[in-house]
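This is what each chain is made of:
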2 protein chains.
Amino acid sequence: MKKNTFLALLLFNGSLIFAQTNEEQTIKKIYNSALTNSKCYSWLDHLSNQIGGRLSGSANAEKAVQYTKAQLETLGLDRVYLQEVMVPKWVRGEKETAYIQDGKNKTSVAICALGGSVATPKNGLTAEVVEVHSIEELAILGDKLKGKIVFYNRPMEPENIETFISYGGCVDQRYAGAAAASKFGAVGTIVRSVNLRLDDFPHTGAQSYDGIPKSQYIPTAAISTNGAELLSKALTSNPKLKFHFKMSCQQMDDVLSYNVIGEIKGSEHPENIMVVGGHLDSWDLADGSHDDGAGVVQSMEVINIFKNLGYKPKNTLRVVLFMNEENGGRGGQKYEELAQANNEKHIFALESDSGGFSPRGFSLETDQANFNQILSWKDLFEPYLVHSFTKGHSGSDIAPLTSKPLVKAGLKPDSQRYFDYHHAANDTFDAINKRELELGAATMASLMYLIDQKGIVK
Amino acid sequence: MKKNTFLALLLFNGSLIFAQTNEEQTIKKIYNSALTNSKCYSWLDHLSNQIGGRLSGSANAEKAVQYTKAQLETLGLDRVYLQEVMVPKWVRGEKETAYIQDGKNKTSVAICALGGSVATPKNGLTAEVVEVHSIEELAILGDKLKGKIVFYNRPMEPENIETFISYGGCVDQRYAGAAAASKFGAVGTIVRSVNLRLDDFPHTGAQSYDGIPKSQYIPTAAISTNGAELLSKALTSNPKLKFHFKMSCQQMDDVLSYNVIGEIKGSEHPENIMVVGGHLDSWDLADGSHDDGAGVVQSMEVINIFKNLGYKPKNTLRVVLFMNEENGGRGGQKYEELAQANNEKHIFALESDSGGFSPRGFSLETDQANFNQILSWKDLFEPYLVHSFTKGHSGSDIAPLTSKPLVKAGLKPDSQRYFDYHHAANDTFDAINKRELELGAATMASLMYLIDQKGIVK
C-alpha cells in the first residue's frame, strides 16, 4: 500500500471512529438513563394498578387520557394536547358462562365474548357443534352448518421462532370466523384462543361482521386452549353433544375520546416530525400491561430520556398515545386525517405494540436505502443485545400515515411469552419485568436519536 | 473480473451454499423437534412439582437422581449410569425470623440463612448494626465492628446489560462477607439479596468460612432487597437500632450422592467425548426450576432430539447431570477426577446453568482458533435469533475439566429476569415458559451437532 493511501485511510478511519464514538457515548447514556433514572415502570404501575383495563369508550380509558396528559405536562415539553376522536364503545356485560352438554353431563369451560360480538339470547344459546380448522372448510360443509355452532380449532403453529407469524396464521378464525359461519346458517361460533400455551385463559380480541346484514350477526366467543382441547376430544366421542354459552355483551353508540400528544419542537427542522407511540386503550379482561401499557410508557420514556440527557432534537419529536387500536383503529386514522389537514410532514414513526419484553430489534417498513442506512447502525446496538433488523409490519396505529418519504418502525421485543398474555386476564403488571421494559424504551430512544442526527435518506 | 475467476468463485460459492444448506436443514429439524416433540417441559414439571427443591444430600436430591436416571433409560441410550460422589449436607431447619428493633418498635423483615451458615443462638441474636458497602470497608471501621452485626448493602449495578456482570460485582459480600467480618469481631452478618429488583424475597446462596477457625464462624443471612432498603433507612434515623435474627440451620456429615450420566457411543470417534450438562441439585427455598432444573432437562432434551431425528453422533455424546453445584461443586470435581483416572479424552463440554429463558448465544472458553470456528457458524443460528457469541465463563460443573484440546461453552439465555428468581422462593415452574426452555435445548443441540460434524480445531 502506498504511504499516502495509508495515511488517507487512517484519517478516514480516524474520523469514522471518532464519529462513531460520539454516537456510542450518547447511546450508552440513553441506556444508562433508562436503567437508572426512568419513570416508565412507575407510570405503568399507575396505568395498570390504579386505572386498569382501558377499553375504548370506558371510564378507565378516559382516566388514562387524563393521567398520561398530566404526566406529559410534568416533563417540560413545548406542547401537550389532546386530539378528539370518536370511538366505538362495546361492553362485555356479565361474565360469560359456557358448558359442554354431553347427555346429562355438563362440563364448564372458560370462554369470553370476542370484542364486537352480539349477545346470546338471554338464557344462552345451545346447539350442536361442528369443529373446523379453517374458514375455507365451511364451504365444503355447507348445509351441515345450519343451526349449529361452528368451533374453529386451528392452533397456532409452534414451529415459528417469531410467534407473530403463528398469530398471523390463525387469527382469521377470530376476526372473520363469525361472519363467514353466519352465511352458512350457523347460530354461533366458538374460537380457539390465539395462544401457544395450553391453559385456562380465554383470549378476547377484535372480530368483524363486515359483509353481513345486522340481522345475521351471531354471537362469537373465544374458548381457552385447554377448553378447546377438551371440546375437541369430547366431540370425537360424541359428535352429537351440545355446547351452551351465555353472553350479554352489546355495542353502544360511539363516544368522544382522545389521542394524547406531547411535543418537543425541533431545533433545526421543526417542520420534520418524528412520532413515537403506543396505544392507550386495552382490552377489558386485564389491565393491559403488555398490550399496550408497555408501549405507552416506553414512548413517554423516550421523551423523558431526552429531557434527562438535555438532548434537544433537531427535528420535532412527538409522542402520540393513540386511542382505540384494539377495536377500531380510530385514533391512528384520526391522527393521519389531521396530519393531512394540517399539511404536516412526517419523516419517522416508531410504534411499540408487541409487549414489554427484552428488545431484540426493529421491524422496518421503508425503502431499501433507508433500510440499508439503519442496518449500517447495527453495531451501535450490539452492546445492548439488539440484533434483529428486518423488513416487516411496523405498527397498526402508524399504518395510516402517508407522508413521503417516511420511515416506519416497530419495536421487536422477544416474542416467546407474548401470546401467553395477549388479550387475556393475565396481561397484568406482575408479568412485566422492569429492566426489560426500560431496555425497550432505551432501544427506541436510540433509534430515534440516530434518525434525528442522520436524517432519513430522501 | 476474468471469466475463469468468476467460474471458480461460482463453483466455490455453489459448494459452500450446498454444504451450508445441509447444516441449515438439520438445524431446522432440531428446532422443529424441540418445539413440537420435546419432553423437557414435562420432565421439568415432574422435577419441580413432583419432587421439588433438591439440596445436596436431601431426600429430594436422591429422588431426582432416580427420576432422571429412569427417564434417561427410556431414551434407548448405549449406557446410563450413576457416578458416586460424597456431598456436603446442610439443612436450613425452621423458617428464619428477623426484625428491626428501634426502641420499642419491632418491624419484621424477610431473611433466610445463607447456605453453610451456622445457626444463631437458640433464642436468636440481637446486636447493633454497621452498614457497609464492601468487604474493603471493614478494615477502615476496625474495632467499631466488635460485637456488631455487619450489614452488607452494596446493590447490583443496574447499568450492565448482562446481569451476570452485576452479579459478579457484588456476590463477594454473600460468599466471603461473614468470614471477613468475623475477623473484626462481628457477631453476625446480614447481606442484601443479590437481586436487581426491589421485592420481599430473600435470596440464599453459598457462603464460605474459609480461612477462619470453626470457633469464629458467625451466622449469616440474606435479607430481601425491600428489607435492605428499610434497614438502611432506619439506620439513618437511628444508628443505634438493633437487629434480631434467629436461625437453626446446621452442617451435617457428608453423604453419598450421584452424578447421573447417559451416553451414546460415537460412531466414528468413540474415544472423543462431548459432554452436555446441568446440575441436578438446587437450593431448598423453591423447586429450582430455573436454577438448574432447566439446564438438566435441556441437556436431556439434546439427547432426545438426536434420538428423535435418528442422528448418530460421530463422537461419544454424554449427558451429565452434576450433583452439588450449589454448595460444594463436588459433582464436577468427581467427574473430572474419574475422567483423568480413566484416561478419557474430552473435546467439548457444554453447560446450561443460567436459567430457562430465551437463548441468546454462548459464552465460550476456548482458544482463538476454536472461537473463530464457532463464530463462522453464526449465520446458522441467526434464523433462531441466537446472536451473541462471546468469550467468557462456561459453567461451574465443567470448570474442572482439563482435557486438551477442549472447547467449553455455556448457554447464554436472556439474563434480565434471572436474578428475580435466583436462589429464592419464587424460582418455581410457573416462571418457566415452555417455548423458551425448548429453544434453549435446540440451541444447545445445534452447537453440539456442529461440533460433532466439524470437530474442534486442534
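Residues numbered from 1 in each chain as written. Chains lettered and ligands numbered in written order. Predicted model: local features only at pLDDT ≥ 70, side-chain atom pairs only at ≥ 80, totals over all residues. Heavy atoms only, no water.

Let's talk about the overall build of chain A
Note the threshold: The helix count covers DSSP runs of H or I at least four residues long, the strand count covers runs of E at least two residues long, and both are numbered beginning at the N terminus. Note on method: radius of gyration uses C-alpha positions; expected globular size equals 2.2 Å times residues raised to 0.38. Buried, partly exposed and exposed residues are distinguished by accessible area as a fraction of the type maximum, computed with a 1.4 Å probe on protein chains only: under 20%, between the cut-offs, and over 50%, respectively. The contact criterion used is simple: two residues touch if any of their non-hydrogen atoms lie within 4.5 Å. Every accessible area reported is derived by Shrake-Rupley at a probe size of 1.4 Å, with residue values counting cover from the shown protein chains alone. His is not counted, nor are the chain ends; Lys and Arg add positive charge and Asp and Glu add negative charge. By convention, the charge on Lys lies at NZ, on Arg at CZ, on Asp at CG and on Glu at CD.
Regarding its fold elements, chain A presents 13 helices and 18 strands. For 458 residues, the compact-globule estimate of 2.2 N^0.38 gives 23 Å, and chain A sits close to it at 24 Å. Across the 458 residues of chain A, 59% fall into the buried class. For chain A, restricting intrachain contacts to residue pairs at least 6 apart in sequence, the fraction spanning at least 24 positions comes to 83%. Put simply, chain A shows about 18,200 Å² of open surface, and 52% of that area lies on carbon and sulfur atoms. Once the 47 positive and 53 negative side-chain charges of chain A are each reduced to a mean point, those two points are 1 Å apart.

Side note on the domain arrangement of chain A
Residues and elements named next belong to chain A. Stated precisely, the cut-off is as follows: All the domain ranges listed were derived from an automatic or database domain assignment. When two components associate, each loses some accessible surface as probed by a 1.4 Å sphere; the sum of these losses over both components is called the buried area. Whenever Lys or Arg places a side-chain nitrogen within 4 Å of a carboxyl oxygen from Asp or Glu, that contact is recorded as a salt bridge. Think of a polar contact as two N or O atoms within 3.5 Å of one another; within protein, one of them needs to be a possible hydrogen donor and the other a possible acceptor, and neighboring residues in sequence only count if both atoms come from side chains.
Here chain A is partitioned into domain 1 (31-89 + 253-454) and domain 2 (94-249). Between domain 1 and domain 2, the C-alpha centre-to-centre distance is 33 Å. Listed per partner, the contact involves 16 residues of domain 1 and 19 residues of domain 2. Taken together, both faces of the contact between domain 1 and domain 2 bury some 1,400 Å²; the carbon and sulfur share is 61%. Three residues stand out in domain 1 for area buried against domain 2, namely Trp283, Phe419 and Asp420, and they jointly supply 38% of the buried area on that side. Counting across the domain 1 and domain 2 interface gives 2 salt bridges. Lys412 is the partner of Glu162 in a salt bridge, and the nearest nitrogen-oxygen pair spans 3.4 Å. One can count 5 residue pairs in polar contact (both at pLDDT 80 or more) joining domain 1 with domain 2.

Thoughts on the environment of Asp172(A)
All names here are of chain A. If you trace the backbone, Asp172 turns up in helix α6 (residues 171-182). In this structure Asp172 comes out as partly exposed when scored by relative accessible area, which is 26%. Distance from Asp172 to Gln207, taken between C-alpha atoms, is 8.9 Å for residues 35 residues apart in sequence. When sequence neighbours within four positions are dropped, the list of residues in contact with Asp172 reads Ile135, Arg154 and Gly177.

As for the side chain of Arg318(B)
All names here are of chain B. When you line up the elements, Arg318 lands in strand β12 (residues 315-322). Classification of Arg318 as buried rests on a relative accessible area of 4%. Of note is the side chain of Arg318, whose polar atom sits 2.8 Å from the side chain of Glu263. A polar contact of 2.7 Å, which involves the side chain of Arg318, links it to the side chain of Tyr335.

Looking at the interface of chain A and chain B
Put simply, an interface is often sized by how much accessible area is lost when its parts join up. The interface is formed by 31 residues belonging to chain A together with 31 residues belonging to chain B. Between chain A and chain B lies a buried interface of about 2,700 Å² when both sides are counted; carbon and sulfur atoms form 50% of it. Taken as a group, Ile161(A), Arg417(A) and Arg435(A) account for 27% of the area that chain A buries against chain B, more than any other trio of residues on that side. There are 2 salt bridges connecting chain A and chain B. Linking Glu436(A) and Arg417(B) is a salt bridge whose minimum nitrogen-to-oxygen distance equals 2.9 Å. On inspection of chain A and its partner chain B, the count reaches 16 residue pairs in polar contact (both at pLDDT 80 or more). Listed by contribution, the elements that provide at least two residues to the side of chain A that touches chain B are α1 (3-36), β16 (359-365) and α13 (434-454) of chain A. It is α1(A) that contributes the most residues to the side of chain A that touches chain B, 5 residues altogether.

Re helix α8 (residues 289-309) of chain A
For α8(A), a buried count of 18 out of 21 residues is recorded, marking the element as mostly surrounded by other parts of the structure. Count one or two residues on from α8(A) and you reach Gly310(A), which has phi positive near 65°.

Details of helix α7 (residues 225-237) of chain A
Residues and elements named next belong to chain A. Note the following rule: Expected helix span is computed as 1.5 Å times (number of residues minus one).
For α7, spanning 13 residues, the distance from its first C-alpha to its last is 19 Å, which sits close to the expected 18 Å at 1.5 Å a residue. Those residues of α7 not exposed but buried are Thr225, Gly227, Ala228, Leu231, Ser232, Ala234 and Leu235. Residues of α7 that are buried in the fold lie against β3 (97-102), β6 (125-132), β7 (149-152), β8 (188-192), β9 (220-223) and β10 (242-246).

A look at the nonpolar core
Going by this rule: As used here, the term nonpolar core means buried Ala, Val, Leu, Ile, Met, Phe, Trp, Tyr and Cys residues forming a set that is joined through side-chain atoms within 4.5 Å.
Ranked by size, the top nonpolar core spans 70 residues in total, and within it Phe306(B) and Phe348(B) carry the most contacts. Residue contributions to this core peak at 10 residues, all from helix α13 (residues 434-454) of chain B. The contact partners of Phe348(B), leaving out residues within four places of it in the chain, are Ile273(B), Met274(B), Val275(B), Leu406(B), Val407(B), Ala409(B), Leu447(B), Met448(B) and Ile451(B). In this structure, Tyr31(A), Leu77(A), Val85(A) and Val319(A) belong to the second largest nonpolar core, which totals 69 residues.

A few points about the packing of helix α2 (residues 40-51) of chain B against helix α8 (residues 289-309) of chain B
Residue and element names in this part refer to chain B. Short version of the rule: To get an axis, a line is fitted to the C-alpha atoms, and for a helix only the part in contact is used. The angle between two axes follows their N-to-C directions and goes from 0 to 180 degrees. Roughly parallel refers to an angle under 35 degrees, roughly antiparallel to one over 145, roughly perpendicular to one between 65 and 115, and oblique to any angle outside these ranges. Note on convention: near helix rotated counterclockwise from far helix by under a right angle means a left-handed crossing. Clockwise means right-handed.
Put simply, α2 and α8 touch, their axes get as near as 9 Å, and they point 140° apart. Here α8 runs oblique to α2, going by the angle between their axes. Once α2 is placed against α8, the crossing between them reads as right-handed. Of the residues in α8, those touching α2 at Cys40, Trp43, Leu44, Leu47 and Ser48 are Ser289, Gly293, Ala294, Val296, Val297, Met300, Glu301 and Asn304.

Comments concerning the relation of the copies chain A and chain B
Basically, it comes down to this: The copies are overlaid by a least-squares fit using only the C-alpha atoms of residues whose pLDDT is at least 70 in both copies.
For the pair chain A and chain B, the best superposition has an RMSD of 0.0 Å and corresponds to a rotation of 180° with a translation of 0.0 Å parallel to the axis. Accordingly, the operation relating the two chain copies is best matched by a two-fold axis. No C-alpha of chain A approaches the rotation axis more nearly than that of His387(A), which lies at 3.6 Å. Residue by residue, 100% of the interface of chain A is reproduced at the interface of chain B, so both copies engage with the same surface.

What to know about the pairing of strand β16 (residues 407-413) of chain B
All names here are of chain B. Just so we agree on the cut-off: DSSP-based pairing: two strands are paired if at least 2 bridges between them are found.
Here β16 lies mainly inside the structure; 7 of its 7 residues are buried. Every second residue of β16 is oriented toward a common face, with Val407, Ala409, Leu411 and Pro413 on one face and Lys408, Gly410 and Lys412 on the other, all of them buried. Relative to β16, strand β13 (residues 345-351) runs parallel, the two sharing 4 bridges. Note that in β16 the partner of Phe348 across the bridge is Val407. With 6 bridges joining them, strand β14 (residues 359-365) and β16 adopt antiparallel strand pairing. Across the sheet, the residue bridging to Phe362 is Leu411, located in β16.

Quick look at the sheet that holds β8(A)
All names here are of chain A. Pairing within the open sheet is mixed, and its 8 strands lie in the order β4-β3-β10-β6-β7-β8-β9-β5. Of all strands in the sheet, those bounded by a partner on one side alone are β4 (105-108) and β5 (111-113). In this sheet, neighbouring strand axes are inclined to one another by 30° on average, regardless of whether the strands run parallel or antiparallel. Of the strand pairs in this sheet, β8 and β9 are connected by 4 bridges, and their pairing is parallel. Looking at β9, one finds that Ile190 is bridged to Ala221.

Looking at the sheet that holds strand β6 (residues 149-152) of chain B
All names here are of chain B. Spatial strand order, β3-β2-β9-β5-β6-β7-β8-β4: 8 strands in an open sheet with mixed pairing. In this open sheet, the two edge strands, each paired with only one partner strand, are β3 (105-108) and β4 (111-113). Taking each pair of neighbouring strands and ignoring which way they run, the sheet shows an average axis angle of 30°. By the bridge criterion, 5 bridges tie strand β2 (residues 97-102) to strand β9 (residues 242-246) in an arrangement that is antiparallel. Its bridge partner lying in β9, Ala98 is registered against Phe245.

Notes on the packing of aromatic side chains
Our working rule: The aromatic pairing rule takes the rings of Phe, Tyr and Trp, using the six-membered ring of Trp, and pairs them if the centres are within 6.5 Å, calling planes under 30 degrees apart stacked, those over 60 edge-to-face and the rest tilted. Whether a charge lies above a ring is judged from NZ of Lys or CZ of Arg, which has to be within 6 Å of the ring centre and within 35 degrees of the ring normal.
Counted according to the given criterion, the structure contains 32 aromatic pairs over all chains. Pairwise contacts between aromatic rings join Phe164(A), Tyr167(A), Tyr418(A) and Phe419(A) into one cluster. The positively charged end of Lys391(A) is found above the aromatic ring belonging to Phe371(A), 5.2 Å away from the centroid. Sitting above the plane of the Tyr81(B) ring, Arg79(B) keeps its charged end 3.7 Å from the centroid.

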